[in-house]
Amino acid sequence: MTREQIEIRLAELNEIMAQADAMIMTADGYADDELVWFGGHQWSASRLREDADDLIDDNIVELADAELALAPLSRTNAY
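Summarised in this report is the structure supplied together with it. Note that the coordinates shown come from a computational prediction; the quantities given were computed from them, not determined experimentally.

With that settled, consider the nonpolar core. Membership of the largest hydrophobic core is limited to eight residues, which are Ala20, Met23, Ala27, Val36, Phe38, Ala45, Leu48 and Ala52. Elements represented by at least two residues in this core include exactly helix H1 (3-27), strand E1 (35-38) and helix H2 (45-78). With sequence-adjacent residues up to four places away left out, alanine 45 is seen in contact with Ala27, Tyr30, Ala31, Asp32, Glu34 and Val36. Among the nonpolar cores identified, the runner-up in size contains seven residues, and Leu10, Leu13, Met17 and Leu70 belong to it.

So, in structure tokens, the structure goes:
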């Protein structure tokens, strides 16, 4: 992957993580069986938390890999 491709994917992954964070924050303070609104739909708080956890689990390794892939490129360009 080129640096540009990595940066684009990293931005996409950061958006996914921000969405997961918003999902968790939306469900925060609600009992598991309470309904909450997110993205124009009603969810049980527990389901929203579970989906957010799945998003994080599915993307955290790729996010870390993308950040690590850019690290050497950033150091090289800094000199």
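When you line up the elements, glutamate 34 lands in the loop between H1 and E1. Residue classification places glutamate 34 among the partly exposed positions, given a relative accessible area of 36%. As a C-alpha pair, glutamate 34 and alanine 45 span 11 residues in sequence and 5.8 Å in three-dimensional space. Those residues in contact with glutamate 34 that lie beyond four places of it in its chain are Trp43, Ser44 and Ala45. Among the polar contacts made by the side chain of glutamate 34, one reaches the main-chain amide nitrogen of alanine 31 at a distance of 2.7 Å.

The rules behind these values
- For every chain, the first residue of the written sequence is number 1, and numbering continues from 1 onward in sequence order.
- Per-residue local features of the predicted model are confined to residues with pLDDT of at least 70, and side-chain atom pairs are confined, for both listing and counting, to 80 or more; whole-chain, interface and lining totals are unaffected and use all residues.
- To get the side-chain values, take all heavy atoms of the structure and skip hydrogens and water.
- Think of a nonpolar core as a cluster: buried Ala, Val, Leu, Ile, Met, Phe, Trp, Tyr and Cys residues, connected wherever their side-chain atoms sit within 4.5 Å.
- Exposed residues in this analysis have more than 50% of their type's maximum accessible area, buried residues have under 20%, and partly exposed residues fall in between, with area computed by a 1.4 Å probe over protein chains only.
- Segments assigned H or I by DSSP are reported as helices when at least four residues long, segments assigned E as strands when at least two residues long, and all are numbered from the N terminus.
- Contact between two residues is taken to exist if any of their heavy atoms lie within 4.5 Å; hydrogens are not considered.
- Polar contacts, as used here, are pairs of N or O atoms within 3.5 Å; protein pairs need one atom able to donate a hydrogen and one able to accept it. Residues neighboring in sequence count only if both atoms are side-chain atoms.

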